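Next come the chains, spelled out residue by residue.
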Amino acid sequence: MFGTILGVMIAGFFTGGLARLAVPGPDPMPVWLTIAIGLAGSIAGGAVAIAIWGRDATTAASLLGFGAAILLVVAYRRFYQGRSITGPDAQKFPDRGIGIGRLKERQQQAADLFKRHQHAAETPTGGDVTEQLGKLGELRDQGVLTDEEFEAKKAELLSRL
């Protein structure tokens with residue numbers, strides 16, 4: 001039973017991922033939404049194939065399922081995100097969508113972390129050596145600098161005397 005559920009989820013992820021790749025432009029979304037789009041597309045396409053050709057139409061069901069998943073990605077982008085499907089606007093990063101807020105938070109955290117490390121890598125300017133050593137100590141205490149980085153910057157400051 002668990003193997004079946006896992007297999008269905010992997011198939012949904014594969015179908016949803018290929019559908020996202022088939023539509024040009026970025027489509028950031030959580031993994032669960034990719035799986036849901038793949039599964040919904042597969043179910044809808046399979047139902048249409050079975051209704052038209054009967055239960056033996058496995059290839060047609062797969063192709064129609066993939067096509068339905070693509071249509072779901074297009075619908076998500078057009079109606080939920082409010083973006084175009086083609087042209088230069090399709091290549092722009094979306095302003096809204098499921099998971100966009102969390103993605104932007106993580107990008108901001110990464111940018112803040114980069115700025116802190118970049119600031120820590122630079123030698124503090126202004127003031128005397130004692131003041132600069134104090135600033136370095138504060139950065140170390142805040143966890144921005146490691147002990148090794150602190151010692152290296154300290155040695156650099158003291159070598160300038």
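What you see is a predicted model, and the numbers here were worked out from it, not measured in a lab. (Residues numbered from 1 in each chain as written. Predicted model: local features only at pLDDT ≥ 70, side-chain atom pairs only at ≥ 80, totals over all residues. Heavy atoms only, no water.)

Undergrad: Please clarify how the pattern of salt bridges should be interpreted in this entry.
TA: Side chains carrying opposite charge are able to pair once their charged atoms draw close together. Scanning the model with the defined rule gives six salt bridges in all. Taking the shortest distance from any N to any O, the salt bridge between Asp27 and Arg83 comes out at 3.1 Å. Remark: Arg83 occurs in the loop between helix H3 (58-80) and helix H4 (100-121) and Asp27 occurs in the loop between helix H1 (2-22) and helix H2 (31-53); sequence separation between them is 56 residues. Take Asp27: its relative accessible area is 5%, and that puts it in the buried class. By relative accessible area, which is 8% here, Arg83 ends up buried. Each of the salt bridges in this network shares a partner with another, and the network as a whole consists of Asp27, Arg77 and Arg83. (Salt bridge = Lys/Arg side-chain N within 4 Å of Asp/Glu carboxyl O. Helix = DSSP H or I, 4+ residues; strand = E, 2+ residues; numbered from the N terminus. Buried < 20%, exposed > 50% of the residue type's maximum accessible area, 1.4 Å probe, protein only.)

Undergrad: Hey, could you run me through the packing of aromatic side chains in this one?
TA: In this description, an aromatic ring pair is defined by two values, namely the gap between the centres and the angle between the planes. For the structure on display, the rule yields one aromatic pair. Centre to centre, the rings of Tyr76 and Tyr80 are 5.5 Å apart; their planes meet at 15 degrees, and the pair counts as stacked. Of this pair, Tyr76 and Tyr80 both sit in helix H3, four residues apart, which is roughly one turn of that helix. In this arrangement the basic side chain of Arg96 is found over the ring face of Tyr80, its NZ or CZ atom lying 5.1 Å from the centre. (Phe/Tyr/Trp six-rings, centres within 6.5 Å; stacked < 30°, edge-to-face > 60°. Lys NZ or Arg CZ within 6 Å of the ring centre and 35° of its normal.)

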